[in-house]
Amino acid sequence: MFNDIGSLELITLVVLAVLVFGPEKLPKVIQDISRTIRKIREFSDSAKQDIRQELGPEFKDFEFQDLNPKTFIRKQLQNDDLGLGEIRESLDLKKDIQQLADPSIANDPSYRSPAAASPPPAAATSGQAAGPVGLEKKTPEPVAERPPYDLDAT
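Residues numbered from 1 in each chain as written. Predicted model: local features only at pLDDT ≥ 70, side-chain atom pairs only at ≥ 80, totals over all residues. Heavy atoms only, no water.

## Points about the overall build of the protein
Helices and strands together make up the secondary structure of the protein, namely five helices and zero strands. Across the 154 residues that make up the protein, the buried fraction comes to 6%. If you take every contact in the protein between residues at least 6 apart in sequence, the share linking residues at least 24 apart comes to 0%. Counting every atom, the protein has about 14600 Å² of accessible surface; 61% of that belongs to carbon and sulfur. (Helix = DSSP H or I, 4+ residues; strand = E, 2+ residues; numbered from the N terminus. Buried < 20%, exposed > 50% of the residue type's maximum accessible area, 1.4 Å probe, protein only. Contact = heavy atoms within 4.5 Å. Areas by Shrake-Rupley, 256 points an atom, 1.4 Å probe, with all protein chains shown as cover.)

## Details of the pattern of salt bridges
Between side chains of opposite charge, pairing is possible as soon as their charged atoms come close. This structure, assessed with the given rule, holds two salt bridges. For Lys28, the salt bridge goes to Asp32, with nearest N and O atoms at 3.3 Å. A residue pair is termed a helical-turn pair when its members lie 3 or 4 positions apart in one helix, as Lys28 and Asp32 do in helix H1 (residues 7-55) at four residues. Residue Asp32 is classed as partly exposed on the basis of its relative accessible area of 29%. Ionic contacts of the salt-bridge type, sharing partners, join the residues Lys28, Asp32 and Arg35 into one network. (Salt bridge = Lys/Arg side-chain N within 4 Å of Asp/Glu carboxyl O.)

## A few points about a nonpolar patch on the surface
There is a patch of nonpolar side chains on the surface, built from Ile5, Leu10, Leu13, Val14, Leu16, Val18, Val20 and Phe21 and spanning about 680 Å² of accessible area. Within the secondary structure, Val14 sits in helix H1. The exposure class assigned to Val14 is partly exposed, which follows from its relative accessible area of 48%. (Patch = residues over 30% accessible without salt bridge, like charges linked within 9 Å, V, L, I, M, F, W, Y side chains within 5 Å.)

## A word on the confidence of the model for the protein
Mean pLDDT for the protein: 75, with 70% of residues reaching 70 or above. Averaged pLDDT values for the elements of the protein fall to 50 in helix H5 (residues 114-117) and rise to 91 in H1. pLDDT under 50 marks residues 123-128. Its contacts with residues more than four places away, or in other chains, come to five contacts. (pLDDT = per-residue confidence, 0-100.)

## A word on H1
With 49 residues, H1 extends only 44 Å from end C-alpha to end C-alpha; this falls clearly short of the ideal 72 Å at 1.5 Å per step. Largest kink in H1: about 100°, centred on Lys25, with the proline Pro27 one to four residues after it. Listed as buried for H1 are Gly22, Leu26 and Val29. Within two residues after H1, Gly56 carries a phi angle of roughly 100°, on the positive side. (Expected span 1.5 Å × (residues − 1). Bend = angle between axes of the 7 residues up to and from the residue.)

Here's what the structure looks like:
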């Protein structure tokens, strides 16, 4: 909870506490706060034990941190029952970006580009010669005759 408090911030909090409560009352306030925190922890632990007892033995490995959505999703993604590892490997964007930045990676046998996984495009079947992609000769499509305009239909 307080992992990111620096030494300057801690000194500021201590000085502020001395100014607000005074040096005479500060030890009593610290004792009251620590006693309250201890009671809250005991109440929380007893509530967790009660919940575990009510759930039964099939939930003996149940952790309350699993109820956090981030933890739940992370745990489910690490479980490879759905075959997500294969999907993660095929969607490795870092390798794709590196390959675009450095063409020598394309010669790496461990690199498998998405283009290599898909079949090559089929040659045109309308009598056109197969050439570089995008440079095929295209025959103009015949222009269709427009239907007559009917004023009564609109």
